[in-house]
Amino acid sequence: MISVKSALAKPFAKRVHYKIQKWAKKPFETQEKVFQNLISQAVSTQFGKDHDFISINSHADFVKRVPIRDYEELKPYIERVVAGEEDILWKGKPIYFAKTSGTTSGAKYIPITKESMPFHVEAARNAILLYINETGNSSFVDGKMIFLQGSPILKEQNGVQLGRLSGIVAHYVPKYLQKNRLPSWETNCIEDWETKVDAIVEETLPENMTIISGIPSWVQMYFEKLQQKTGKKVGDIFKNFNLFIFGGVNYEPYRAKFENLIGRKVDSIELYPASEGFFAFQDKQNEKGMLLQLNSGIFYEFIKADEFFNEHPERITLKDVEVGVNYVMIISTNAGLWAYNIGDTVEFTSTKPYRIIVSGRIKHFISAFGEHVIGKEVEQAMQEAILGTNIQITEFTVAPQINPEEGLPFHEWFIEFENEPENLSDLAKKLDESLQQQNIYYFDLIKGKVLQPLKITKVKKGGFQEYMKSIGKLGGQNKLPRLSNDRKIVEDFPHKS
């Protein structure tokens, strides 16, 4: 029998789908409206006065007056906001600071305003509603849902609440979902990640879990603990678990391992949330990429990644982007971030509507020899190399070896296997061939005998988790970089097999 909640979800989903279609079909008008609204709202702020917002009428005016900044460069303004000043980056004061751990700048304080907060909440809800509208499947709304996330405990700083984004969002779970939602408040507040996951296992085991959500690497830890405790596949423990919602990293390297842990295939929805804004979500099960959120108080600019470090790289808007090009995404938002570089690179998979994949980080690349290998390329190489085999990967990262004991330099792949290949050098060869096909610079360096083909270093089971724990970044929203341009991570990495 269909429940009332399940029955009501379908017309609601249809209505939301119609609203999204309206702006998705008018992308340029939608973005222009967002742009004009942002400028007019911030014209009297300190930032608006400093950058002559009153005379900005077009994107060209904006480019002339507002340079691209990352967190470090915007920090003098943010510090004034954190100190309690009003009308600095956006009118009034923010209602929250999302605290994130920056790789270079220590803790970052990202403002969230009363104008920006609703979009953080609505986008995740809309992703689920579009799934219901497309598949007709709404029965899962009657089961229990789990969102693996940071602690919802917030502190106060000069009258502004401060916490992790996932913890802040936990305060906005709609009433009709609160009874369905796990873990309990008490469990969610546990700071130590391993203790928290153990508590989540105990809480969820007797429940009818239908949706499980989180960053794949940490959901994997939860699944493994469930399996260790029961000796069963996750899909046998939770017979009605049919939807996995994830974000933060590419799911493909984990897919085979997950299907093994679950014991069957389940539908999945990819999200692209960040403290700076909720940028995109998967709107179709059989289309590649996520729908860029054009009507969410965020104005987007793009710079070709291979031109980004030029002195004056060209800043383009949506109408000039091309499918398949790697871009650095620049955002201006109703939380007061202006021409802000979040550090992510994206690629468009479609322009009707505008869908993207996250291709990596502008700082996370290997170009020790001019090859400029990016995250998407190493992930695709791994995907192709293990396709059709029974090899299963738990985690991996890549670093350059510039001064080997013998021979030419090479890229070193640190891989933790769940299921090892029979022949490690065969896997290395496949990875290398795929990387050469994708990246012409890497191909030239191998052929020109500047580099030798890549080498694999096996990491012992649990090694990556031990490493993340050793640097205080186990669980929550923390992610291991897929690759880096130096050996800082791997030199600190005491867990080689």
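Calculation criteria
Residues numbered from 1 in each chain as written. Predicted model: local features only at pLDDT ≥ 70, side-chain atom pairs only at ≥ 80, totals over all residues. Heavy atoms only, no water. Helix = DSSP H or I, 4+ residues; strand = E, 2+ residues; numbered from the N terminus. Buried < 20%, exposed > 50% of the residue type's maximum accessible area, 1.4 Å probe, protein only. Contact = heavy atoms within 4.5 Å. Areas by Shrake-Rupley, 256 points an atom, 1.4 Å probe, with all protein chains shown as cover. Lys, Arg positive; Asp, Glu negative; His and termini not counted. Charge placed at Lys NZ, Arg CZ, Asp CG, Glu CD. Phe/Tyr/Trp six-rings, centres within 6.5 Å; stacked < 30°, edge-to-face > 60°. Lys NZ or Arg CZ within 6 Å of the ring centre and 35° of its normal. Axes fitted to C-alpha atoms, helices over the stretch in contact; angles between N-to-C directions. Parallel < 35°, antiparallel > 145°, perpendicular 65-115°, else oblique. Left-handed = near helix turned anticlockwise from the far one by under 90°. Nonpolar A, V, L, I, M, F, W, Y, C, P; charged D, E, K, R; others polar. Salt bridge = Lys/Arg side-chain N within 4 Å of Asp/Glu carboxyl O. Polar contact = N/O pair within 3.5 Å; in protein donor to acceptor, adjacent residues only side chain to side chain.

Enquirer: Would you mind going over the overall build of the chain with me for this structure?
Expert: Each helix and strand counted, the chain has 18 helices and 20 strands in total. Seen through its principal axes, the chain has C-alpha atoms that stretch 65 × 65 × 45 Å. Every one of the 497 residues in the chain was classed for burial, and the buried ones make up 55%. Within the chain, counting contacts between residues at least 6 apart in sequence, those at least 24 apart form 66% of the total. About 22300 Å² of surface is accessible on the chain, with carbon and sulfur atoms providing 50% of the total. Positive and negative side-chain charges in the chain, numbering 62 and 63 respectively, have mean positions lying 6 Å apart.

Enquirer: What exactly am I supposed to notice about the environment of V81 here?
Expert: Structurally, the position occupied by V81 is in helix α5 (residues 71–82). Residue classification places V81 among the buried residues on the basis of a relative accessible area of 7%. In this structure, the C-alpha to C-alpha distance between V81 and G92, residues 11 residues apart in sequence, is 9.6 Å. When neighbours within four sequence positions are excluded, V81 is seen to be in contact with I88, L89, P94 and F97.

Enquirer: What exactly am I supposed to notice about the packing of aromatic side chains here?
Expert: The description of two aromatic rings rests on the distance between their centres and on the angle between their planes. Under the counting rule described, the total for this entry stands at 25 aromatic pairs. Look at F302 and Y327: their rings are 6.0 Å apart centre to centre, the planes differ by 65°, and that puts the pair in the edge-to-face class. Pair noted here: F302 is in strand β12 (residues 298–304) and Y327 is in strand β13 (residues 326–333), with a separation of 25 residues, a long-range link. An identical accessibility class is assigned to F302 and Y327; each is buried. Through a chain of ring-to-ring contacts, the aromatic side chains of F28, Y272, F279, Y300, F302, Y327, F348 and Y354 assemble into a single cluster. Positioned above the aromatic ring of F410 is the side chain of K455, whose terminal nitrogen or guanidinium carbon lies 5.3 Å from the ring centre. R482 extends its terminal NZ or CZ atom over the ring of F396, reaching a point 4.2 Å from the ring centre.

Enquirer: Honestly, the packing of helix α14 (residues 375–386) against helix α15 (residues 424–438) in this entry has me stumped. Any pointers?
Expert: The angle between the axes and the distance between the axes are what describe a pair of packed helices. Across the interface, α14 lies against α15 with an axial gap of 8 Å and an inter-helix angle of 135°. Relative to α15, α14 is oriented oblique. Considering only the axes of α14 and α15, their crossing is right-handed. Between α14 and α15, the contacting residues are K376, E377, V378, Q380, A381, M382, E384, A385 and I386 on the first element and L427, K430, L431, S434, L435 and Q438 on the second. In terms of residue class, the contact of α14 with α15 is made up of eight nonpolar, three polar and four charged.

Enquirer: For this particular structure, what's the right way to read the side chain of E416?
Expert: Checked against the element boundaries, E416 lands in strand β19 (residues 410–419). The buried charged residue E416 lacks any salt bridge partner; its closest oppositely charged side chain belongs to K257, at an N-O distance of 6.4 Å. A polar contact is formed between the side chain of E416 and the backbone nitrogen of G463, at a distance of 3.5 Å. Once you skip the residues sitting within four places of it in the chain, E416 turns out to touch I393, T394, E395, V459, K460, K461, G462, G463 and F464.

Enquirer: Any chance you could explain the packing of helix α10 (residues 193–204) against helix α11 (residues 216–230) here in plain terms?
Expert: Between α10 and α11, the least distance of the axes is 10 Å, while the angle of their chain directions is 55°. If you check the angle between α10 and α11, you find them oblique. Where α10 crosses over α11, the two elements pack in a sense that is right-handed. Facing W193, E194, V197, D198, I200, V201, E202 and T204 of α10, the residues of α11 in contact are W218, M221, Y222, K225, L226 and K229. A class-by-class count of the residues in the contact of α10 with α11 yields eight nonpolar, one polar and five charged.

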